[in-house]
Amino acid sequence: MRELRSLKDLALVLEGLKDFDSPVEFLEQYRTPGDIAATLAWEAMLRGDLEGKVVIDLGCGTGVIAYGFLALGARQALCVDVDWRALGIARENLRTFEGFVELVAADVRYLHIAIPRDACTVAMNPPFGVKRRGADLEFLRVALGLCNTVYSIHKYVPRSMELLESTARSYGFRATPIARAWMTIKQRFKHHRRRVYRFEVELIRFVRERSEVR
Ligand code: SAH
């Protein structure tokens, strides 16, 4: 792997990784753009939430996010996706880190992982909840149940933060927005009328404040 000296270097490496072969629409399979995945990992590194941690990438898809975290010093990655074919691509993309990656084929809604909460950080770009309403919040609840720190990418719409914040609060977490970015998706699914679909996403850090769970 070439030396990563900047956020831009990392973004370029991530952007060059393999994309989904034939994305499944109802699973909302969009690859996280390199610059956004890189920012997520970079911010986690700066805040001490990455080094030596096990990163859990929920809905890992092509493994872009796990790659960013491993490249910056995460100890190990656990990549979970319900789609076998996506995990095949993640395996290819993550082969540089062989021995430090576990690929788990599972529906996150029925996932049980026994890991100390302070040894891990969840990093994810969950389905935006457009195809299956509430999928993003389902992912978030699972994430908050797993680790003390969660980095997540959500579709930004006015007031979307309120719902995320109140969900976080009910699990004893504080939600802090760390960056906002535009995400562009080329037309892949036939129902899209526009060739390019552009929307804003928010990168959010969730940190556990209270020790009791709801
Ligand atoms: N970060 C990924 C993109 C994630 S897109 C990348 O850059 O490739 C959302 C992912 O969540 C898809 O790969 C999809 O297969 C997965 N997914 C959707 N619903 C799921 C579920 N219930 N359990 C596990 N994975 C799911």
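All residue numbers here refer to positions counted from 1 along the written sequence of the relevant chain. With the structure being a predicted model, the display of local features is reserved for residues of pLDDT at least 70 and the display and counting of side-chain atom pairs for 80 or more, all residues being used for whole-chain, interface and lining totals. Here the side-chain values reflect all heavy atoms present in the structure, with hydrogen atoms and water set aside.

S.K.: Talk me through the state of the cysteines; I want residue IDs and the actual numbers.
M.R.: Covalent bonding between the sulfur atoms of two cysteines defines a disulfide. When the sulfur atoms of two cysteines come within 2.5 Å, that pair is taken as a disulfide. One pass over the full model with this rule turns up one disulfide. Note on cysteine connectivity: C120 is disulfide-linked to C147, with sulfurs 2.2 Å apart. Across the disulfide from C120 to C147, rotation about the S-S bond amounts to roughly -115 degrees, and the bridge is consequently left-handed. With C120 in strand β4 (residues 120-124) and C147 in the loop between α5 (135-146) and β5 (149-155), this pair connects stretches of sequence that are 27 residues apart. No disulfide involves C60; its sulfur sits 4.7 Å from the nearest other cysteine sulfur, which is in C79. The exposure class assigned to C79 is buried, which follows from its relative accessible area of 0%. Elements are defined by DSSP. Helices are runs of H or I of four residues or more, strands are runs of E of two residues or more, and each kind is numbered from the N terminus. Each residue is assigned to one of three classes by its accessible area relative to the maximum for its type, calculated with a 1.4 Å probe on protein chains only: buried under 20%, partly exposed between the two thresholds, exposed over 50%.

S.K.: With reference to specific residues and values, describe the site of the ligand.
M.R.: Any residue with a non-hydrogen atom lying within 4 Å of a molecule or strand is treated as near it. Not every one of the 21 residues close to the ligand is listed here, only the nearest: Q29, T32, T62, D81 and V108. Under this definition, polar contacts are N or O atom pairs within 3.5 Å; protein pairs additionally need one hydrogen-donor-capable and one acceptor-capable atom, and for neighbouring residues in sequence, both atoms have to be side-chain atoms. In the environment of the ligand, a nitrogen atom lies 3.0 Å from a nitrogen or oxygen atom belonging to the backbone of V108. In isolation the ligand exposes 580 Å². Once the protein is present, 98% of that is buried. Residues that form the shell around the ligand fall into these classes: eleven nonpolar, six polar and four charged. To measure how exposed things are, a 1.4 Å probe is used in the Shrake-Rupley method; for residues, cover is taken only from the protein chains shown. Under this grouping Gly is polar, as are all residues other than the nonpolar Ala, Val, Leu, Ile, Met, Phe, Trp, Tyr, Cys and Pro and the charged Asp, Glu, Lys and Arg.

S.K.: Run through the packing of aromatic side chains, naming residues and quoting values.
M.R.: Two aromatic rings from Phe, Tyr or Trp, using only the six-membered ring of Trp, form a pair when their centres are within 6.5 Å; if the ring planes differ by under 30 degrees the pair is stacked, by over 60 it is edge-to-face, and anything between is tilted. Here the structure, examined in full by the defined rule, presents four aromatic pairs. Three or more aromatic residues joined by ring pairs form one cluster here, namely F128, Y197 and F199. By definition here, charges over rings are those cases where NZ of Lys or CZ of Arg is within 6 Å of the ring centre and within 35 degrees of the ring normal. Its guanidinium or amino end placed over the ring of F199, K155 lies 4.9 Å from that ring's centre, counting from NZ or CZ. Positioned above the aromatic ring of W182, the side-chain terminus of R198 is 4.4 Å from the ring centre.

S.K.: A description of the environment of A90 should follow, citing residues and the corresponding values.
M.R.: With respect to the helices and strands, A90 occurs in helix α4 (residues 84-93). Under the relative-accessibility criterion, A90 is labelled buried at 0%. Along the backbone, A90 and G61 are 29 residues apart, and their C-alpha atoms lie at a distance of 6.5 Å. Contacts are assigned to residue pairs with any non-hydrogen atoms lying within 4.5 Å of each other. Apart from the residues within four sequence positions on either side, A90 is in contact with C60, G61, T62, G63 and L103.

S.K.: Describe in detail the pairing of strand β1 (residues 54-58), supporting the description with residues and values.
M.R.: In terms of burial, β1 is largely enclosed, as five of its five residues are buried. Side-chain alternation along β1 places V54, I56 and L58 on one buried face and V55 and D57 on a second face that is also buried. As paired elements, β1 and strand β2 (residues 76-81) share five bridges and run parallel to each other. Within β2, the position partnered with D57 by the bridge is C79. Viewed along the sheet, the connection from β1 through helix α3 (residues 64-71) into β2 turns out right-handed. Only strands joined by at least two bridges in the DSSP assignment are considered to pair. With the strands aimed away from the viewer, a crossover counts as right-handed if its path from the first strand over the helix to the second runs clockwise.

S.K.: Outline unusual backbone geometry, supporting the account with residue identities and numerical values.
M.R.: Only a minority of non-glycine residues have a phi that is not negative, and only a minority of peptide bonds are not trans. Within the chain, E28 stands out as a residue other than glycine whose phi angle is a positive 55 degrees. A positive phi angle, near 75 degrees, is found at R159, a position not held by glycine. Relative to the helices and strands, R159 is located in the loop between β5 and α6 (160-170).

S.K.: Summarise the pairing of strand β3 (residues 101-105); cite the residues concerned and give the values.
M.R.: In this structure, β2 lies alongside β3, joined through five bridges in parallel fashion. Paired with V80 across the two strands is V104, which belongs to β3. Regarding the hand of the β-α-β motif, the stretch spanning β2, α4 and β3 is right-handed.

S.K.: Hey, could you go over the pattern of salt bridges for me, with residue numbers and the actual values?
M.R.: Here, a salt bridge means any side-chain nitrogen of Lys or Arg that lies within 4 Å of a carboxyl oxygen of Asp or Glu. Going through the model one piece at a time under the given rule, you end up with twelve salt bridges. For E162, the salt bridge identified is with R159, shortest N-O distance 2.9 Å. Note that E200 is salt-bridged to R180, the shortest N-O span being 3.7 Å. Of this pair, E200 sits in strand β7 (residues 196-208) while R180 sits in strand β6 (residues 173-186), and the two are 20 residues apart along the sequence. Three or more residues joined by partner-sharing salt bridges are found here, namely D107, R109, R132 and E138.

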